[in-house]
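Coordinate analysis (summary)
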Amino acid sequence: MDDTGVPTAVVSGIVLIIFGFCAFAIVRSNASAARGEEDLRQAYQLLSVGKFRESFALYDAALGEALDERQRFYALANRGYASLALDRPLEAVPDFTAALRIEKDSIFCLVDRGLAWHRLGKFAEALADYDRAIALDSNEVDALQNRALIHAHRGQWPQAIVDMNAAIRIQPANPRWRIRLGRFYLLKGELEAALAQFNSATEISPENPEAYWLRAEVYTLQNHPERGLAEVEGALRARPNSAALHLARGMILIDALRPDLASQDLDFVLHLQPDDATALATRGLAHFALGNYQAASRDAIEAVRVAPRVPLGYYVLGLTLDAEWREKEAIENFDRAIACDSEFPPAIAWRGLAEAHAGDYERARRDLKGAVNNFPASDVTHRVRAIFLASCPAAAFRDGPTALAEAQLAVDLSHRNPAALDTLSMAYAEVGDFGLAIATEAAALEKTTVASHTRGLLQRRLHQYEQHQPYRDSR
């Protein structure tokens, strides 16, 4: 018996019980930590070979175990990365946010959370994360080029150009950055500066189809439309079996409103590379321009199958479904294109028009206003909004003066693209100026080839304007 009067055996028993509980808790904690560590190891192995769904389940399991702070950070950050790879940016954001609470200066977490916000169309939030990442490391090239994109779509050219020049300084041998900078100069109307960047891209990557295509666009704007085609044909004489150069010529021919000839080049590409998603989607565009909607759909569906992360296939499928009066399916495919690339203005704009075709005029008005606000430097967003405001069947949603302003902006931004001129003619008709509507539609027709399915649509609208009838986009 001890001094308290409690038998010594009882005290010893209590001590043993307490020690047993403590020992059990320690053993259980150690076992949990071991399980968590093993889950993390296996999850990272899966993540590193692209098995994102499988890794996601293991990161879930690891986060339920006893991890230290460093392990918990990696589990959260890598699960967020897996969510991004699985096209689940909304789920990625909370994981990156939790990881950043543990390591607030993690650059890769900031960049990836920025990308998640970017894909969700939350550009202010994306910019904040990119800004923070660049403040921590001025050579963070992904943050620089993504921030440049947001600045460019907002028409903030000086900031966009500074960021892209920084990306080029960091990776001078990457042709993508020179092409992107060239695009910025092209949108600004600085054609010689744009041409210099596209020339640099072809020096680095001599068969780069995008560089040839964009260089041809510059020549067209300089009133030398034949030069871009001549250059790619010269390159093809030296490398006649180059799929990339045939793709470039196909893209140039579509812009030249010769979808019939473009199809031949794209057929050649796909004979060599049947799973080329860009060639499939581009051939789909050619079929669409020719009015061959079934063929366009087939190519778009195949493009989506072989490259489900590439937005162009979904976009072409959306255009085709909308033309076939299957608006709900069209909207779904435009949504998928936007999920792949939240900065794809054509898909965002045409989704708004598909909403109008489905009769949801209020939603269309709201979304198209949002499109021009988010992408003020895009001629497509202004053009499609003008189409809606000039031609909506419901009078309450038409606004002729605003349509006229938007269409004129689209003409200026596109350097008098025939589609923009066609839209401007709609706006003139809506405000009752049929003389200018006729003259503008005639100018659009002059730029449209006989082979284009669009030509027939323009001729029908011209006839309406000659009868002093405005165009109505009714179904």
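As a reminder, the structure under discussion sits directly above these lines.
Just so we're clear, the structure is a prediction, and the values are computed from it rather than from any experiment. (Residues numbered from 1 in each chain as written. Predicted model: local features only at pLDDT ≥ 70, side-chain atom pairs only at ≥ 80, totals over all residues. Heavy atoms only, no water.)

Our focus in this paragraph is the packing of helix 22 (residues 400-413) against helix 23 (residues 418-430). Across the interface, helix 22 lies against helix 23 with an axial gap of 8 Å and an inter-helix angle of 160 degrees. Looking at the two axes, helix 22 sits roughly antiparallel to helix 23. Between helix 22 and helix 23 lies a crossing whose hand is left-handed. Where helix 22 abuts helix 23, its residues Gly400, Ala403, Leu404, Ala407, Gln408, Ala410 and Val411 lie against Ala420, Leu421, Thr423, Leu424, Ala427, Tyr428 and Glu430. (Axes fitted to C-alpha atoms, helices over the stretch in contact; angles between N-to-C directions. Helix = DSSP H or I, 4+ residues; strand = E, 2+ residues; numbered from the N terminus. Parallel < 35°, antiparallel > 145°, perpendicular 65-115°, else oblique. Left-handed = near helix turned anticlockwise from the far one by under 90°. Contact = heavy atoms within 4.5 Å.)

In this section: the pattern of salt bridges. By the definition in use, this model includes 33 salt bridges. Here Asp129 and Arg113 are joined by a salt bridge, their closest N and O atoms 2.8 Å apart. Of this pair, Asp129 sits in helix 6 (residues 123-136) while Arg113 is found in helix 5 (residues 107-119), placing the two residues 16 residues apart along the sequence. Here the two residues Asp129 and Arg113 agree in accessibility, since each one is buried. For Asp267, the salt bridge identified is with Arg283, shortest N-O distance 2.8 Å. Within this pair, whereas Asp267 is found in helix 14 (residues 259-272), its partner Arg283 is found in helix 15 (residues 277-289), the two being separated by 16 residues in sequence. Taking relative accessible area as the criterion, Asp267 reaches 38% and is therefore assigned partly exposed. Through salt bridges with shared partners, one network takes in Asp335, Arg351, Glu355, Arg363, Arg366 and Asp367. (Salt bridge = Lys/Arg side-chain N within 4 Å of Asp/Glu carboxyl O. Buried < 20%, exposed > 50% of the residue type's maximum accessible area, 1.4 Å probe, protein only.)

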